[in-house]
Amino acid sequence: MLGTTASRALLLVGVVLTAHMFLCTAYVGGDGFSVEFIHRDSVKSPYHDPSLTTHARVLEAARRSSSRAAALSRSYARADAPSADGAVSELTSRPFEYLMAVNVGTPPTRMLAIADTGSDLIWLNCSNGAGAPVLAAARHAHAPASAPASAPPPGVQFNSSSSTTFGLVSCGTGACRALPDASCPGSKCRYLYSYGDGSQTSGLLSTETFTFADDQGTRGDREMRVANVNFGCSTTMTGSFIGDGLVGLGGGDLSLVNQLGADTSLGRRFSYCLVPYSINASSVLNFGPRATVTEPGAATTPLIPSEVKAYYTVDLQSVKIGNKTLAAPQQSPVIVDSGTTLTYLANELVDPLVEELTRRVKLPPAKSPEDLLPLCFDVSGVRKGHVAAMIPDVTLGLGGGATVTLKAENTFLEVQEGTLCLAVAAPSDRFHPVSIIGNIAQQNMHVGYDLDKGTVTFAAADCAKSSGSLYI
């Protein structure tokens, strides 16, 4: 009896110590929760431009995709090049495609933040409130000498002085050590995050209660409340930023996914189902058990180590069109990323893919707008609904024997009236080429990430139906 009591006591101590590394406590039902995953071009987004046509929005997304892919490539280069003080500062990428709402503090302030599978840190625009002298010191300490004066960011700012649950993170904590570029001249943890275009955000690592509205379909109105979430309270921004902040969904320690993992009923897992661009509906983002991919034909592939911890990377082994299989170059890691529109593959795969599609697709060629894409067809003479039948499936062979079939909606997009282009290209950076499975390739798929098991799962799905009529 005494031995049993002692064992339980030791187990309790272990649980408490683990929970206090990041101090994340969740209050939610056992099946997890779901939130709206809003595309930046949606009518629900503050960045929706009503003057653009549907095709113009697609073209803009392709341009952003090129910028983001270049930033992901530079981050790989940066991972191999330590900074002068010996620290490696992860170079995250700013072009984004999806947003999610989060309610921060007590009482809650609703903020619409970028949701990014290629970043770790959660950070929000903050005004100097609670602990104002400390926040002001952080602003002064991290403002680059040559940087332009920072202006108040657009959108919502979180005022920490109005919240009863706001706190600051001390130096020496696990959360502070998890930052790629932190400084501790005082007792509080300061951070500096840099982006590919030279923009920066800095402030104090803080803790706060986050509340997520769980209003998926007919499940009823519920709330998911997570106490003591570590996030960056950003008081200095240089360059141009949009949005109220960023929620990192990457694989690093400070991402929302890993912090939710402190609650064992949720685990470190999330999924999304991306609605096609052509449908006027939001997608859905799931956390916890609700993120399990159960659709028929689901294919699971193991995650492999990445030079940048935030990135979800898998092994690409082949690309198949009809009965022709193209073997990937040896050691072909590919990032699965919701924030990149196009798919990027090695030249050794793109060139024969274009050649094979040109041979198989019986449509007249067309010029690519701005030479952004490697292959385009003229579909002006084809009745709507008949084009998809003319495009062969493309199958990706991934590690662990997984195969993911890409339909026409996953491989082609109409960038202007009557011009259909391949949504697959070669990386523009020849020195640090990075392969990416982008969000066009993931449309109408339920994609689940399980960090506890170290896997990514893909399954065909009707995402407009999955998102529920509430989001349309």
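An unreviewed UniProt entry annotates the protein as Peptidase A1 domain-containing protein of Triticum aestivum. Within the UniProt record for the protein, the comment given under Sequence similarities (unreviewed entry) is "Belongs to the peptidase A1 family."

**A closer look at unusual backbone geometry**
At the junction of Thr106 and Pro107, the peptide bond is cis and its omega measures out at 0° in the coordinates. One non-glycine residue, Glu370, adopts positive backbone phi at about 60°. Structurally, the position occupied by Glu370 is in the loop between helix H6 (347-360) and strand E21 (376-378).

**Regarding the pattern of salt bridges**
According to the stated counting rule, one finds 15 salt bridges in the structure shown. Of the charged contacts, one joins Arg64 and Asp41 as a salt bridge, the two residues approaching to 3.5 Å between their closest N and O atoms. Taken together, the residues span a long stretch of sequence, with Arg64 in helix H2 (residues 54-79) and Asp41 in the loop between strand E2 (33-39) and H2 at a distance of 23 residues. An identical accessibility class is assigned to Arg64 and Asp41; each is buried. Of the charged contacts, one joins Arg64 and Glu97 as a salt bridge, the two residues approaching to 2.8 Å between their closest N and O atoms. Residue Arg64 is found in helix H2, and its partner Glu97 is found in the loop between strand E3 (91-92) and strand E4 (98-104); the two are separated by 33 residues along the sequence. Here Glu97 falls in the buried class, since its relative accessible area comes to 1%. Through salt bridges with shared partners, one network takes in Asp31, Asp214 and Arg290.

The rules behind these values
- Residues numbered from 1 in each chain as written.
- Predicted model: local features only at pLDDT ≥ 70, side-chain atom pairs only at ≥ 80, totals over all residues.
- Heavy atoms only, no water.
- UniProt positions renumbered as here; feature names shortened; annotations may be inferred.
- Helix = DSSP H or I, 4+ residues; strand = E, 2+ residues; numbered from the N terminus.
- Salt bridge = Lys/Arg side-chain N within 4 Å of Asp/Glu carboxyl O.
- Buried < 20%, exposed > 50% of the residue type's maximum accessible area, 1.4 Å probe, protein only.

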